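# Survey of secondary and tertiary structure
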Amino acid sequence: IPSSRAGHSSVSCSVPALQGSSLQGGSVSGAWPRSLYIYGGNEFEAANNELLVLALDELVWTQLRHPVGSDLALRVGHSSLIIGDRMFIFGGRNPLTQPLGTSFDGCNNCDVVDIRRSVETGQVVIIKEDVEFGNPSAMTRSGHSACVYNNRIVVFGGMVLSEEEEDEATAVYSSDIVAISLFAV
């Protein structure tokens, strides 16, 4: 069993610079036919909820717009998976409401984006937003890795809430494995 950890990733790649934008940390990528999708992250102290698309054949970036009134949450330390033509964005934290160095209050939800329709329209098409799971203390995490196996999102490690303190949530690194049925999302 690997040691407890956070800030790891199950996929690594080199990404060309996006003209007019600085490099982002804490963002997550997923591949879908001939494109790479980057969601969220932070640039220094500023978090964002951008969904960027890199056309791999041409190495050209596009930013998908959010329709008025339907922005996805700002997230860092989350995971995202592309299954079929859907992007599942899970966990992490919002650094505006949960800045680094403060008590940990991570996200226990999943947003689902229709990648095909988003690319066709040039706008982020949200299918489901803020889907929550049954056991918040087990699922609230940041800096974890995730993959898909047997119709389940399998999540490993990351920073989770300690159940030792009732009054104040504290963060600890975990080496647990949790599976979420795709039918629950």
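Residues numbered from 1 in each chain as written. Predicted model: local features only at pLDDT ≥ 70, side-chain atom pairs only at ≥ 80, totals over all residues. Heavy atoms only, no water.

### Here we look at the overall build of the protein chain
Along the protein chain, the regular secondary structure elements total two helices and 14 strands. Relative to its 185 residues, the protein chain shows a buried fraction of 44%. As displayed, the protein chain has an accessible area near 10,100 Å², and 51% of this comes from carbon and sulfur atoms. (Helix = DSSP H or I, 4+ residues; strand = E, 2+ residues; numbered from the N terminus. Buried < 20%, exposed > 50% of the residue type's maximum accessible area, 1.4 Å probe, protein only. Areas by Shrake-Rupley, 256 points an atom, 1.4 Å probe, with all protein chains shown as cover.)

### Observations concerning the environment of Arg 116
Tracing the chain through its elements places Arg 116 in helix 1 (residues 115-121). Using a relative accessible area of 41% as the deciding quantity, one classes Arg 116 as partly exposed. On a C-alpha basis, the gap between Arg 116 and Arg 86 in space is 7.7 Å, while along the polypeptide they are 30 residues apart. With sequence-adjacent residues up to four places away left out, Arg 116 is seen in contact with Trp 32 and Asp 85. (Contact = heavy atoms within 4.5 Å.)

### Description of unusual backbone geometry
Trans peptide bonds make up most of the peptide bonds, and negative phi angles are found at most residues other than glycine. At Leu 59, a position not held by glycine, the phi torsion is positive, near 55°. Following the sequence through the fold, Leu 59 ends up in the loop between strand 5 (51-55) and strand 6 (60-64). Even without a glycine there, the phi angle at Asn 150 is positive, about 50°. Relative to the helices and strands, Asn 150 is located in the loop between strand 12 (145-149) and strand 13 (152-161). Judged by its relative accessible area of 61%, Asn 150 is exposed.

### Concerning the sheet that holds strand 9 (residues 109-114)
In spatial order, the strands read 7-8-9-10; together these four strands make up an open sheet with antiparallel pairing. Pairing within the sheet leaves two strands with one partner each, and these edge strands are strand 7 (79-83) and strand 10 (126-132). Taken over all neighbouring pairs, the strand axes of this sheet differ in orientation by 15° on average, direction set aside. Summarising the sheet, strand 7 and strand 8 (residues 86-90) pair through five bridges and their orientation is antiparallel. When the bridges of strand 8 are listed, Ser 79 appears paired with Phe 90. (Pairing = 2+ DSSP bridges. Axes fitted to C-alpha atoms, helices over the stretch in contact; angles between N-to-C directions.)

### Points about the pattern of salt bridges
Within this structure, the stated rule accounts for six salt bridges. In this structure, Asp 85 and Arg 86 form a salt bridge, with 3.7 Å as the shortest nitrogen-oxygen distance. The exposure class assigned to Arg 86 is partly exposed, which follows from its relative accessible area of 34%. Residues Arg 117 and Asp 114 are paired through a salt bridge, measuring 3.6 Å at the closest nitrogen-oxygen approach. Among the charged side chains, a salt-bridge network with shared partners connects Asp 85, Arg 86 and Arg 116. (Salt bridge = Lys/Arg side-chain N within 4 Å of Asp/Glu carboxyl O.)

### Details of the confidence of the model for the protein chain
Per-residue pLDDT for the protein chain has a mean of 74; in total, 65% of the residues score no lower than 70. Considering each helix and strand of the protein chain separately, the mean pLDDT is smallest for helix 2 (residues 136-139), with a value of 61, and largest for helix 1, with 92. Note on residues 1-16: pLDDT is under 50 here. Beyond four places in sequence and across chains, it has 34 contacts. (pLDDT = per-residue confidence, 0-100.)

### Comments concerning a negative patch on the surface
The grouping of Asp 71, Glu 129, Asp 130 and Glu 132 at the surface amounts to a negative patch. Assignment of secondary structure puts Glu 129 in strand 10. (Patch = residues over 30% accessible without salt bridge, like charges linked within 9 Å, V, L, I, M, F, W, Y side chains within 5 Å. Lys, Arg positive; Asp, Glu negative; His and termini not counted. Charge placed at Lys NZ, Arg CZ, Asp CG, Glu CD.)

### Looking at the pairing of strand 8
Most of strand 8 sits out of view: four of its five residues are buried. Hairpin connection of strand 7 to strand 8: two residues between the antiparallel strands, including Gly 84 at a positive phi of 65°. Where strand 8 and strand 9 come together, five bridges link them in antiparallel fashion. The partner of Ile 89 across the bridge, within strand 9, is Asp 111.

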